[in-house]
Amino acid sequence: MREFGTTVFAEMTAMAVRTGSINLGQGFPDEDGPAAMLARAVEAIHGGFNQYPPGPGVSELRQAVADHQKLRYGLAYDPDGEILVTVGATEAITAAVLALCEPGSEVIVFEPYYDSYPAAIAMAGAVRRAVPLRVDGGRFAFDPAELAAAVTPRTRAILVNSPHNPTGTVFTPAEMAAIAALCREHDLIAITDEVYEHLTFDGVPHVPLATLPGMRERTVAVSSAGKTFSVTGWKTGWICAPAELISAVQTVKQFLTFTSAAPFQLAVAYALRHELEWVGALRETLQGKRDRLMAGLAAAGFEVLRPAGTYFVQTDIRPLGFADGLDLARRLPELAGVVAIPTQVFYDEPETGRHYVRFAFCKKDSVIDEAISRLARLG
């Protein structure tokens, strides 16, 4: 793990605190989720649900997840063997990689990638193979030929994140079909990070990979409550997968955290059943915040790429006369009193993303407006 060190999120958040800058780096909202859901967590604490819950997760949440998958996507999962509750999506992905990949196995990821992916692959003793997302037609996309060329006899799994962090792209049905075809052809496991499944914009749909022909039986689908219900600190996630894959992942997970907080599980179960209308309103609000930040960044001189989902906007810094995103991110607190994330740290080949910087828009309008005012100084 020596190559990993402190995450860029910790570095930039500490810089924001130290300099008093506005933090548009780390993707956490500054407003809480639905009040009734929060009240359910408090009720559970006072109601005595404070000891170890079952290892697979409380039955109420597993059933709520199963019902959600069936109603929203037509995917049927047995809550008593095909759903596992985890401490957020990060644990779910790490446990899946540790459980399903041998030392020397290869795992395909799309770069830029979320920073926990390479760490999980390294802990498994596996090897990552990065396929780049490049800007094409105003969005980040992959070349199916490059994806196919990344497969070798040692390839075990492909890690698919859509809606995608940090680019904000949502893979199209054609892109998903290309991934599915490759998985079927080479008998690969797909580990899908779908934590932003409810946060897509402009009518762009989220298509779970498991809904494609031949994919349910080979997909480990990961999601969580953190982004959907604006409670990133709750760290309550889940996996939906065939029973044999769930059993393998739980074998590892039981020695990582064993289980996760019972009160939050009960509150999330309530929210999945009763608060999706609130999530719909959140999605509309976030779309407005996205547009607000995009307009301000463009006015400040950035080239702005329109995200179809997530919390994040990618910008090209070259029109402002900068060439290195990491250098600019470290200077932004001094230049403009704002913190952002340099995209190049999420690449195997940093040069590919050196000119991109990511900004988060999951903040109050007043915070976004102040950040825009400060960033105008760059022009």
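Conventions we followed
Residues numbered from 1 in each chain as written. Predicted model: local features only at pLDDT ≥ 70, side-chain atom pairs only at ≥ 80, totals over all residues. Heavy atoms only, no water. Domains from an automatic or database assignment. Contact = heavy atoms within 4.5 Å. Buried area = accessible area lost by both parts, 1.4 Å probe. UniProt positions renumbered as here; feature names shortened; annotations may be inferred. Helix = DSSP H or I, 4+ residues; strand = E, 2+ residues; numbered from the N terminus. Buried < 20%, exposed > 50% of the residue type's maximum accessible area, 1.4 Å probe, protein only. Pairing = 2+ DSSP bridges. Axes fitted to C-alpha atoms, helices over the stretch in contact; angles between N-to-C directions. Core = buried A, V, L, I, M, F, W, Y, C linked by side-chain atoms within 4.5 Å.

Enquirer: Would you mind showing me how to read the domain arrangement of the protein here?
Expert: Accessible area lost upon the coming together of the parts is a frequently used measure of interface size. Annotation of the protein at the domain level lists domain 1 (2-30 + 277-378) and domain 2 (49-274). Each of domain 1 and domain 2 was reduced to a C-alpha centroid, and the two centroids are 25 Å apart. Contacts between domain 1 and domain 2 engage 31 residues on the former and 34 residues on the latter. Taking both partners together, domain 1 and domain 2 bury about 2,900 Å²; carbon and sulfur atoms supply 61% of that area.

Enquirer: Would you mind showing me how to read the UniProt feature "domain: Aminotransferase class I/classII large" (unreviewed entry) in the protein here?
Expert: Under the UniProt annotation, the feature "domain: Aminotransferase class I/classII large" (unreviewed entry) is placed at residues 22-375. Across residues 22-375, helical content stands at 41% and strand content at 18%; the span's end C-alpha atoms are separated by 11 Å.

Enquirer: For this particular structure, what's the right way to read the environment of Leu147?
Expert: Turning to its location among the elements, Leu147 is positioned in helix H6 (residues 144-149). Its relative accessible area of 1% is what places Leu147 among the buried residues. Between the C-alpha atoms of Leu147 and Ile158, which are 11 residues apart in sequence, the distance is 10.0 Å. Apart from residues lying up to four places away in sequence, Leu147 is in contact with Ile108, Phe110, Val131, Phe142, Ile158, Ile179 and Leu182.

Enquirer: Sorry, what's going on with the sheet that holds strand S4 (residues 127-132) here?
Expert: Strand pairing in a sheet takes place through backbone hydrogen bonds and is either antiparallel or parallel in direction. Strand order in the open sheet formed by 7 strands is S2-S10-S9-S8-S7-S3-S4, with mixed pairing between adjacent strands. What marks the edges here is a single partner per strand, and that holds for strand S2 (83-86) and S4. Strand-to-strand twist of the sheet, defined as the mean angle between neighbouring strand axes without regard to direction, takes the value 20 degrees. Each of strand S3 (106-111), S4, strand S7 (155-161) and strand S8 (189-193) touches helix H5 (residues 116-123); the most contacted strand, S4, lies at about 150 degrees to it. Taken strand by strand, helix H9 (residues 243-253) contacts S2, S8, strand S9 (219-224) and strand S10 (237-240), and its axis lies near 25 degrees from that of S2.

Enquirer: Can you walk me through the nonpolar core in this structure?
Expert: Among soluble globular proteins, nonpolar side chains are generally buried collectively. Val220, Ile239, Phe359 and Leu375 are the most contacted members of the largest nonpolar core, which totals 72 residues. Each of domain 1 (2-30 + 277-378) and domain 2 (49-274) accounts for three or more of the residues forming this core. When near neighbours in sequence (up to four residues on either side) are disregarded, Leu375 contacts Leu297, Ala300, Leu332, Ala336, Val338 and Phe359.

Enquirer: Before we go on, may I ask you to explain the sheet that holds strand S11 (residues 303-305) in this structure?
Expert: Taken in spatial order, the 4 strands of this open sheet run S11-S12-S15-S14, and their pairing is antiparallel. The open sheet has two edge strands with one neighbour each: S11 and strand S14 (341-342). Across 2 bridges, S14 lies against strand S15 (residues 356-360) in antiparallel orientation. If you follow Ile341 over to S15, its bridge partner there is Arg358. Most of the contacts of helix H11 (residues 276-300) go to strand S12 (residues 312-316), to which it runs at about 15 degrees, and overall it touches S11, S12 and S15.

Enquirer: Is there a simple way to think about unusual backbone geometry in this case?
Expert: If a residue is not glycine, its phi is most likely negative; likewise, a peptide bond is most likely trans. The peptide bond linking Glu111 to Pro112 adopts the cis configuration, its omega dihedral lying at 5 degrees. The peptide bond linking Asn165 to Pro166 adopts the cis configuration, its omega dihedral lying at 25 degrees. Within the secondary structure, Pro166 sits in the loop between S7 and helix H7 (173-186). The phi dihedral of Ser230 falls on the positive side, at around 55 degrees, and the residue is not glycine. Mapped onto the elements of the fold, Ser230 is located in the loop between helix H8 (225-228) and S10. The residue Phe258 is not glycine, and still its phi comes out positive at about 65 degrees.

Enquirer: Before we go on, may I ask you to explain H5 in this structure?
Expert: Each α-helix winds once per 3.6 residues, and so residues spaced three or four apart point in a common direction. Of all 8 residues that make up H5, 6 are buried, and the element is covered over most of its length. Where H5 is buried, its residues contact helix H4 (88-100), S3, S4, S7 and S8.

Enquirer: Is there a simple way to think about the pairing of S9 in this case?
Expert: The side chains of a regular strand alternate between both faces of the sheet. In terms of burial, S9 is largely enclosed, as 6 of its 6 residues are buried. Taking every second residue as pointing to the same face, both faces of S9 are buried, with Thr219, Ala221 and Ser223 on one and Val220, Val222 and Ser224 on the other. The pairing of S8 with S9 spans 4 bridges and is classified as parallel. Paired with Asp193 across the strands is Val222, a residue of S9. Two elements, S9 and S10, share 4 bridges in a ladder whose sense is antiparallel. In the strand pairing of S10, Val222 is matched with Ile239.

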